[in-house]
Structures are given as C-alpha cells and as structure tokens.
Amino acid sequence: MIKRKKVVKILKYIKQGQTIGIIGGGQLGQMLALDAKENGMKVLVLDPNPTCSAGQVADAQIVAAYDDFAALQQLAKQADVVTYEFENVDLAALEKLEKTIWLPQGTELLKITKNRLTEKTFLKEQGLDVVDFCEVNDEQELKQAVKKIGYPCILKTCEGGYDGKSQVNINDSADLNEAGKLLRQRKCILEGWLDFSLECSVMVARNLAGEITVFPVSENIHRNHILHLSIVPARIAENLQQVAKQAAVKIAKSLDLCGVLGVEMFVGKDGRVYINELAPRPHNSGHYSIEACDFSQFAIHNRAICGWPLPQITLLKPVVMVNVLGQHVCAIKKLIQTKPSWHFHDYGKDQALLDRKMGHVTILTDDLDKTLVEIEETKVWSD
Ligand code: AMP
C-alpha cells in the first residue's frame, strides 16, 4: 500500500504580472514560459545551462544545479508560484522548501511518479490495469521474478530511466546476464512484456478547486524507444478512447493533481487499456495541442498552477506531430521552404546531437493517411 501524506492545499490565485518559477530549462520549460509570457506573467527559470531553451524566452534565469539548495531558496523568494518541468528534480530539497514555496503540484505527486515501483503499485491500487510487475533487488530475486512473470519480460531501473534508457529486454535465459549488469547499478522492476496493438497517451489537468479537463487521446509511435510521431485522434475505437480518458481522470482525482499530467498507455491486443507510465508535467505527446486544440497543454498547466478556471478542451483539427532529433535538423531547415502549412518548432538548443530532441513539426490535416505518406516522402525521418 502506498502511504500518502494528506496535504490540505489552500486555493491561491496568481495574477497577471506575478512570477512563475520553473525548475528545469528544457523545451517543456520553454513552451510553458512562452505561454506564460503571452498571458502577462513573469518567468524565472532555474537551470545549470546558461543557454538553455527556457532561459532564452524567460525574463530571468538562475544558473545553478537543480539540487543547489541556495538557488532553490532564491527561486522560492523571487517567484509567486513554482513548478517543475521534469520529474527528476531533487525531491528532498523540494520537501525541505515546501513550507516557504508555493508549489501547487506538491511533492506527493513527484514521490509517486519518480519511481516506477511506487507508480505501478499506486495505479494497481486504484484498480487500473497495469502489466504484471515485481520488485527486484538482486539476481536471486530476478530469477524468482522471471519464474513468476515468465518470458518475455523487461527489466527497468525504478528511477532515472527515460526514452527506453536503463532497460533490458529479457527474451530467454541468455539475456539474464545483461539484466544482472543493470541490476548491479540500481534497484529494478521486472515487467511482463505486453503484446500491445498501439501505444497512446492522454494529457489530463486539474486545478486545486477540483476542476478537471482532459485532452484527446494521442496515438504514439516510437523509434528506438524515442517518441517519433503522435497522431490525434488516436486510431482506436471510440469506446477505447473513453476508457483511456476515464482512466486519466481517475488518476488525476486520486492524485489530487494540480497541473497537467501525461498518462502513457498501451492498448493490449486483448482490448484492454494498460497504464504504462505517468509524467507529472507537460509531455512530448501533448505538443500537438499548441496548434490543434483551443488551449495547449502548456496553457492549461499554467492556468492550473495559477488557480485559474479550466476550460474543456476542443480538438480543432486532426493532427500529426513529428519529433525533430539532432540527426534531422539539417534536412528540416531545407524542408521549411517546401511546406508552407507545416508548423516548425525549434527549441534553440546549441548542439544537434544524435537522438537529442531539438524541435518538432505539427501538421494539421483533414486526411491523416495522406499526411503520413507526405511525412514519409520527405525522407527526413528515414534514418
Ligand atoms: P518506458 O520507458 O516504460 O516508457 O518504455 C519505453 C518503451 O518500451 C515503451 O514506449 C514501449 O514501446 C516499450 N515497453 C515498455 N514497457 C513495456 C512492456 N511492459 N511491454 C511491452 N513494451 C514495453
């Protein structure tokens, strides 16, 4: 059973002209900051990189490590409300600061979502479908867990992994050696391999007054474990879309969510929706909402943490979002000249490294199949 601290949060309204402090200066922070600026807020970013994406569009930046307590105190002092753009923030430091800082998302949400084991245990306790899983601390436990769950399965570190990093697929006993290496680095969770027909996600948001709003379901296609493409609405039956959205709303309520949360899911070949992972912040698969919805995930997150009322979301047009990684940047720069109706986002990162998320492209469309062919034909993503 996940033990939770019951926190009674007061309602606090942040006004235009006041300051939002963002811990983390990546692209999510940048898009939060851009929306905040549009709404007349001041933005202060904390990030160790002086040329980070969010710092380029914020009013000011504190250049310091995320676990620099003095820097966090400075942020707390200067900002009227504080938020974070990734889950690997220093939880202990935030817990220490919580009394002096207005952090409407709280730290409980982080505590649960930071660790795959607590996250899956929590989801299971809510009666939601998750794959079979087991805590694994050493090789002896790994053998027992594999016996229980069966092949194929997947070993993941409980903390710190992203984009498929820190995971080992175990198809048979020959893979146990590789899995053992991961296990010696960190505490792990073993998951049963799900034969899914589709991966999808739902962005859901809630404010402290209890208003909830939910975005359309996004179908997500990954390449090398990195999100490649999102298609909205997901190409699944209407009843499955409802199941996915209802699961997201249930999670938002049971977490006393404040802000936006990304819920990653698998649609199993058995027709059930399994929750894979939660992201307590805006999520890459929600970027389509900037152009395709009447309010973006960033606008909704800012509204929620500022205590503003939340609208119900309307999808204005079907959409495809494609990620631009380091290896795509050169070709994308040329493509801009040939695609007048595509929206090209660039996060302003200085080094276009392999597999690094550098930007994304959003294509509103009346014909999803035609757009998918058009994307293929550019050959930009054929690596
Ligand atoms: P994650 O880091 O948990 O999001 O996993 C990265 C990717 O690995 C997912 O997007 C899936 O494509 C795949 N994956 C992760 N866990 C499982 C699982 N239990 N069964 C099948 N595929 C999985």
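Okay, so let's go over this structure. Treat the numbers as computed from the prediction; the structure is a model and nothing was measured.

### Details of helix H2 (residues 69-78)
Of all the residues in H2, the buried ones are Ala 71, Leu 72, Leu 75 and Ala 76. One side of H2 carries all its buried residues, which in axial view fall inside an arc of 145°. Away from its buried face by more than 90 degrees, H2 exposes Ala 70 and Lys 77. Packing partners of the buried residues in H2 comprise strand E1 (19-23), strand E2 (42-47), strand E3 (60-63), strand E4 (81-84) and helix H3 (91-97). Two to three positions downstream of the cap, the backbone nitrogen of Ala 70 sits 3.2 Å from a side-chain oxygen, assigning the N-cap of H2 to Asp 68.

### A look at the sheet that holds E1
Consider a sheet: its strands pair through backbone hydrogen bonds, and that pairing is either parallel or antiparallel. Taken in spatial order, the 4 strands line up as E3-E2-E1-E4 in an open sheet, and their pairing is parallel. The open sheet is flanked by E3 and E4, the only strands paired with a single partner. Between one strand axis and the next, the sheet turns by 20° as a mean value, whatever way the strands run. In this sheet, E3 lies alongside E2 in parallel orientation, the contact comprising 4 bridges. Counterpart to Val 45 in the pairing with E3 is Gln 61.

### As for the pattern of salt bridges
According to the stated counting rule, one finds 15 salt bridges in the structure shown. Arg 116 is paired through a salt bridge with Glu 277; the nearest N and O atoms lie 3.3 Å apart. Residue Arg 116 is located in helix H5 (residues 116-125), and its partner Glu 277 is located in strand E14 (residues 273-279); the two are separated by 161 residues in the primary sequence. Lys 156 is the partner of Glu 191 in a salt bridge, and the nearest nitrogen-oxygen pair spans 2.9 Å. Of the two residues, Glu 191 is situated in strand E8 (residues 188-192) and Lys 156 in strand E6 (residues 153-157); the sequence distance between them amounts to 35 residues. What makes Lys 156 buried here is its relative accessible area of 5%. If you follow the salt bridges from partner to partner, you end up with Glu 95, Glu 108 and Lys 111 in one network.

### Overview of the nonpolar core
Ranked by internal contacts, the top residues of the largest apolar core, which has 55 residues, are Val 204, Ile 251, Leu 261, Val 263, Met 265 and Ile 275. Here this core gets 6 residues from one element, more than from any other, and that element is helix H8 (residues 238-254). Residues within four places of Val 263 in sequence aside, it is in contact with Cys 200, Ser 201, Val 202, Val 204, Ala 248, Ile 251, Ile 275, Glu 277 and Leu 278. Within the second largest apolar cluster, 22 residues are counted, among which are Met 41, Ala 54, Val 81 and Trp 102.

### A short note on the site of the ligand
Neighbouring residues of the ligand: 17 residues in total, closest Lys 156, Gln 167, Leu 194, Glu 199 and Glu 277. Here a nitrogen atom of the ligand sits 3.2 Å away from a polar atom, N or O, in the side chain of Glu 191. Within the side chain of Glu 199, one N or O atom sits 2.5 Å away from an oxygen atom of the ligand. Protein coverage of the free-state accessible area of the ligand, which is 470 Å², stands at 94%. Put simply, the parts of the chain that give the shell around the ligand at least two residues each are E6, E8, strand E9 (196-206), strand E13 (259-268) and E14. In the shell around the ligand, the residues fall into 6 nonpolar, 5 polar and 6 charged. Both domain 2 (132-192) and domain 3 (196-377) contribute no fewer than three residues apiece to the shell around the ligand.

### Here we look at the packing of aromatic side chains
Going through the model one piece at a time under the given rule, you end up with 3 aromatic pairs. Note on Tyr 66 and Phe 86: the rings are 4.7 Å apart at their centroids and 70° apart in plane angle, and the pair reads as edge-to-face. Of this pair, Tyr 66 sits in the loop between E3 and H2 while Phe 86 is found in the loop between E4 and H3, placing the two residues 20 residues apart along the sequence. Residue classification places Phe 86 among the buried residues on the basis of a relative accessible area of 17%. Here Phe 196 and Phe 266 contribute two aromatic rings whose centre-to-centre distance is 4.9 Å and whose plane-to-plane angle is 0°, an arrangement assigned as stacked. Placement of the pair is Phe 196 in strand E9 and Phe 266 in strand E13, with a sequence separation of 70 residues. According to the relative accessible area criterion, Phe 266 is buried, its value standing at 11%. Here the basic side chain of Lys 96 rests over the ring of Phe 69, its NZ or CZ set 4.3 Å away from the ring centre.

Thresholds, definitions, all that
- Residues numbered from 1 in each chain as written.
- Predicted model: local features only at pLDDT ≥ 70, side-chain atom pairs only at ≥ 80, totals over all residues.
- Heavy atoms only, no water.
- Buried < 20%, exposed > 50% of the residue type's maximum accessible area, 1.4 Å probe, protein only.
- Helix = DSSP H or I, 4+ residues; strand = E, 2+ residues; numbered from the N terminus.
- Arc of directions from axis to C-beta.
- Contact = heavy atoms within 4.5 Å.
- Polar contact = N/O pair within 3.5 Å; in protein donor to acceptor, adjacent residues only side chain to side chain.
- Pairing = 2+ DSSP bridges.
- Axes fitted to C-alpha atoms, helices over the stretch in contact; angles between N-to-C directions.
- Salt bridge = Lys/Arg side-chain N within 4 Å of Asp/Glu carboxyl O.
- Core = buried A, V, L, I, M, F, W, Y, C linked by side-chain atoms within 4.5 Å.
- Near = heavy atom within 4 Å.
- Areas by Shrake-Rupley, 256 points an atom, 1.4 Å probe, with all protein chains shown as cover.
- Nonpolar A, V, L, I, M, F, W, Y, C, P; charged D, E, K, R; others polar.
- Domains from an automatic or database assignment.
- Phe/Tyr/Trp six-rings, centres within 6.5 Å; stacked < 30°, edge-to-face > 60°.
- Lys NZ or Arg CZ within 6 Å of the ring centre and 35° of its normal.

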